[in-house]
Amino acid sequence: MPENHPLDSRIEVLKEKMLSAPRFASIEQARIITRVYQENEELSVPKKRALSLKAALEELEIGVEPEELIVGNRTKGVRYGVVFPESGCSWIDREFETLPTRPQDRFLVKEEEIKEFRETIYPYWKGKSMEDVIRQRDGQHIDAIAKVVKINQKDHAQGHICPDVKRWLEKGPAGLKAEALKKLETCAEDEREFYECVVLVMEGAIHFMNRYHDLILSMDREQELTEVAAICKNLSERGARTFHEAVQSIWFLFVILHMESNASSFSPGRMDQYLYPFYERDVAQGRIDKERALVLLECLWLKFNQIVYLRNQNSAKYFAGFPIGFNIALGGVDAQGKDTYNEVSLLCLQAQYDLGLPQPNLSVRLHKHTSSELMQAAIQVVAKGSGMPQFFNDEAIIQTMHDDLGIAIQDARDYAIVGCVELTTHGNNLGWSDAAMFNLNKALELTLNHGVCLLTGEKIGLDLGGLDTYGSFAALEQAFQTQVDYFIDEMMKAEEVVEQAHQDCLPTAFLSSVIDDCLEVGKDVTRGGAKYNLSGIQMIQIANLADSLAALQKLVYDERRIEAVDLLQALRTDFKNDRVMQTMLQNKVPKYGNDVDWVDAHGAKWASYFREKMKQYTNYRGGPYHTGMYTVSAHVPMGENVGASPDGRNAKTPLADGGMSPVYGRDLSGPTAVLKSVSKMQDSCTTNGGLLNMKFLPSFFQTQTGRNKFENFLRAFVDLEIPHIQFNVVNRADLLDAKAHPERHQSLTIRVAGYTAYFVELAGKLQDEIIERTSYADI
């Protein structure tokens, strides 16, 4: 169970250094990449990509703090945002000077780097980066559907992947290089370049590890740091053999993945499972004890917080607070379906309890036979208020992955989580889990208003009629279905363009080497080399949609208390002259999240419809599309794109948070009623991840009675087969004070959507939405 104890002095020093370090944008790797491309114009893109990663691994400035036991980063400075020209350069040119002052996710800049970027880097990449390629091929079309469909992955590489960490720990870069060389002896001609690229990047990884060995030996150092140097040397030559080596090896893996792709959400997955054999062996041999293992894990936890992701200004609103997404899953069933957790599981919880930082994104897998010990340990961490861990339900997820996606049952039992809440198999899947976000509420708006945007007056959808022409609720729903179908078709056209551009511009030899079955079949992961090839689309937001449809059905069509033409006019004027009508819409109709069957059924119906529609499509890698219900922070900017809605919501205000969560303030019947409403959603709708947010007051957890009640609440969540749940434990007064006096609350973390962020680093509108979420004092 987590214990209250002072942090190790080493961890205190490293944490303070990290939190006080300034956050800059960096062009160092962009400079190297550009030079390598210029020197090798005659080579293919895969070769240039491999050579530029190798060069970065060999040349990037590196540093080591004297207190560190786990070393490595993709920049010498911590929390630097990396400019990555292969994926996106034009937006940097547009926004470089505004990075320090933009509303969300700011970075300091150096004038000399802006000058160098404009004079030597951007002129080479202008028109050539993946961002430019996508815009040339489909830019106008993507813009035309943008208010309904946000197409993602347009200016950065695809992350959201759980690599085969166990294989990496076993082989290391030297072993993977040897495997690729062996394949080169017998491979087909069209596979040769792939294996040659793997050899190149593994040579770079070996060199990278040795550079840390050499740097440490050049420093004035204590014996412990000398041991770290030896570990780096060992890992360059072979797989990991000790717990310390394994933890260091894990970090090297994720640093290099970020250097290759500069993408978010590369996740370690079930770390307690693959680290435990190292821990068990070291303890048995007297090489390590529980306290030392905890310090090593906390050194790793600090490292997870040293990488952030530089997004463009618009994207930063949708993914606010640097959600880099190092997701670690603890507990859950094993390959035989039995409960599994261990001492490393509890040590990971202790590390989060001690540090309370936004990363890693800690998750706990629950099922009907989860031990009370693990649950109570997790609840104690929840009560600390960092927004972690979040909880996933094996009962809702495993069989559905098998039945709906054709994933082998042993792989489904070994599922991991990437990024926020996205579900994946471990080490063999390119899930493309953040392909697009589909705003169902904007589609409804266009259906009600003849295809015309309420905010701009522009016709952007199909004119199928309007509230002034639909004679029945059934007719309205039929028109809505047609509108949704149209935008889904348009979305899929754009998705094909984006995936093809990733194949053409961003092949990833290093990532492919740690995703099964790429090395076996000689195919890059972007070209379908993984065992599983999925693409995930998010539905935004079912709660608002259910509330709007319920209001239309009850007040307009069933009871006829509001005339359809009057409601349409009120929506067009944002209820300016119709406050009484707005109050009726808000208060005279039950809302999703209160266990009212007919209201909840609206949400369940359209979620299922959307999911079934996805089954008609195949992605560019030959795999299936599936759906998720989560938003990151997109419920705020997507709400800004939606006019007034029939649920009584004003134009441009946020949509519901989470993905399965009720609209904030409308869940009036308590947390159990919320669970029951959400449970009516089919689990097949959230195979790409579902998100349920809740907020509890800290006082609830102060007694063992309260913690026991919370455990029973979680067991009800399991029994109801809801895929996901997470909690903020915070007082409203503290959040208000943090907004007014950010200097007093620099370390306050909050659960935004599927991730935790520093509250004071969030933009004001998102802070306000979090403050207004319903808080529960009891169950």
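Residues numbered from 1 in each chain as written. Predicted model: local features only at pLDDT ≥ 70, side-chain atom pairs only at ≥ 80, totals over all residues. Heavy atoms only, no water.

This part covers the overall build of the protein. Of the regular secondary structure elements, the protein holds 30 helices and 18 strands. In terms of overall size, the protein behaves like a compact globule, its C-alpha atoms giving a radius of gyration of 26 Å where 779 residues would be expected to give roughly 28 Å. Counting across all 779 residues of the protein, residues that qualify as buried make up 66%. Across the protein, every contact between residues at least 6 apart in sequence was considered, and the portion connecting residues at least 24 apart equals 78%. (Helix = DSSP H or I, 4+ residues; strand = E, 2+ residues; numbered from the N terminus. Rg over C-alpha atoms; globule rule 2.2 N^0.38 Å. Buried < 20%, exposed > 50% of the residue type's maximum accessible area, 1.4 Å probe, protein only. Contact = heavy atoms within 4.5 Å.)

Before going further, it helps to examine the side chain of lysine 695. Inspection of the secondary structure puts lysine 695 in strand β14 (residues 693-696). From its side chain, lysine 695 meets the backbone oxygen of isoleucine 770 in a polar contact 3.0 Å long. A polar atom in the side chain of lysine 695 sits 3.2 Å from the backbone oxygen of isoleucine 771. (Polar contact = N/O pair within 3.5 Å; in protein donor to acceptor, adjacent residues only side chain to side chain.)

Most of the time, phi is negative for any residue but glycine, and the peptide bond is trans. Residues glutamine 359 and proline 360 are joined by a peptide bond in cis, for which omega reads 0 degrees. Locating proline 360 in the fold gives a position in the loop between α14 (343-355) and β5 (361-366). Note the cis peptide between methionine 388 and proline 389, where omega equals 0 degrees. One non-glycine residue, aspartate 105, lies in the positive phi region at around 55 degrees. As for its placement among the helices and strands, aspartate 105 is situated in the loop between α4 (90-95) and α5 (111-125).

This next bit is on the sheet that holds strand β3 (residues 149-151). If you trace the 4 strands from one edge of the open sheet to the other, you get β3-β10-β12-β13, paired in mixed fashion. At either end of the open sheet lies a strand with only one pairing partner, and these are β3 and β13 (625-628). Strand after strand, the sheet turns through a mean of 25 degrees between neighbouring axes, direction not considered. Bridge analysis of β3 against strand β10 (residues 436-439) gives 3 bridges, and the strand direction is antiparallel. Among the inter-strand pairings, lysine 150 is bridged to a residue of β10, identified as methionine 437. (Pairing = 2+ DSSP bridges. Axes fitted to C-alpha atoms, helices over the stretch in contact; angles between N-to-C directions.)

The subject of this paragraph is the nonpolar core. Formed by 210 residues in total, the largest nonpolar core has its most connected members in Leu275, Trp301, Phe438 and Met491. If we ignore the near neighbours within four places in the chain, the residues touching leucine 275 are Phe243, Ala246, Val247, Ile250, Leu297 and Val344. Phe319, Met401, Val421 and Ala753 belong to the second-largest nonpolar core, a separate cluster that totals 42 residues. (Core = buried A, V, L, I, M, F, W, Y, C linked by side-chain atoms within 4.5 Å.)

Between helix α11 (residues 271-284) and helix α12 (residues 290-304), the least distance of the axes is 13 Å, while the angle of their chain directions is 140 degrees. With respect to each other, α11 and α12 are oriented oblique. The handedness of the crossing between α11 and α12 is right-handed. Every residue of α12 that contacts α11 at Met271, Leu275 and Tyr279 is listed here: Lys290, Ala293, Leu297, Leu300 and Trp301. The residue makeup of the contact of α11 with α12, split by class, is 7 nonpolar, no polar and 1 charged. (Parallel < 35°, antiparallel > 145°, perpendicular 65-115°, else oblique. Left-handed = near helix turned anticlockwise from the far one by under 90°. Nonpolar A, V, L, I, M, F, W, Y, C, P; charged D, E, K, R; others polar.)

Both faces of β13 are covered, namely the face carrying Tyr625 and Thr627 and the face carrying His626 and Gly628. Across 4 bridges, the pairing between strand β12 (residues 535-540) and β13 is parallel. Residue isoleucine 537 lies in a different strand from β13, and its bridge partner there is threonine 627.

Moving on, we come to the pairing of strand β15 (residues 724-729). Burial analysis of β15 places 6 of its 6 residues in the buried class, which makes it a mostly covered element. Residue alternation in β15 divides its side chains into two sets, His724, Gln726 and Asn728 and Ile725, Phe727 and Val729, and both sets are buried. Summarising the sheet, strand β6 (residues 390-393) and β15 pair through 2 bridges and their orientation is antiparallel. The partner of phenylalanine 392 across the bridge, within β15, is histidine 724. Here β14 pairs with β15 via 4 bridges, running parallel. Directly across from phenylalanine 696, in β15, lies its bridge partner valine 729. Between the parallel elements β14 and β15, the chain passes through helix α28 (residues 704-719) in a crossover that is right-handed. (Right-handed = clockwise from strand over helix to strand, strands pointing away.)

Bringing the pattern of salt bridges into the picture now. Applying the stated criterion to the full structure yields 57 salt bridges. Close ionic contact of glutamate 39 with arginine 35 constitutes a salt bridge, the shortest N to O distance being 3.5 Å. In this pair, glutamate 39 and arginine 35 both sit in helix α2 (residues 28-39), 4 residues apart, roughly one turn of the helix. Close ionic contact of aspartate 600 with lysine 680 constitutes a salt bridge, the shortest N to O distance being 2.7 Å. (Salt bridge = Lys/Arg side-chain N within 4 Å of Asp/Glu carboxyl O.)

Moving on, we come to the environment of lysine 605. Examined against the element boundaries, lysine 605 turns out to sit in helix α25 (residues 597-614). Spatially, the C-alpha atom of lysine 605 lies 16 Å from that of leucine 552, the residues being 53 residues apart in sequence.

Taken as a whole and judged by the stated rule, the model has 0 disulfides. Cysteine 89 forms no disulfide, and the closest cysteine sulfur to it belongs to cysteine 505, at a distance of 13 Å. (Disulfide = S-S within 2.5 Å.)

A separate point is the sheet that holds β14. Strand order in the open sheet made by the 6 strands is β4-β5-β6-β15-β14-β18, with mixed pairing throughout. Single-partner strands in this sheet number two, and they are β4 (327-331) and β18 (775-776).

This part takes up the environment of glutamine 767. As for its placement among the helices and strands, glutamine 767 is situated in helix α30 (residues 764-772). Among the residues examined, glutamine 767 registers a relative accessible area of 6% and is labelled buried. Residues glutamine 767 and leucine 736 lie 31 residues apart in sequence; the distance between their C-alpha atoms is 8.9 Å. Residues contacting glutamine 767, with those up to four places away along its chain left out, are Lys739, Phe759, Val760 and Leu762.

Two numbers describe how helix α10 (residues 243-261) lies on α12: the axes approach to 10 Å, and their chain directions differ by 5 degrees. Taken together, the axes of α10 and α12 are roughly parallel relative to one another. For the pair α10 and α12, contact is made by Phe243, His244, Val247 and Trp251 and by Ala293, Leu296, Leu297, Leu300, Lys303 and Phe304, respectively. Of the residues belonging to the contact of α10 with α12, the class tally is 8 nonpolar, 1 polar and 1 charged.

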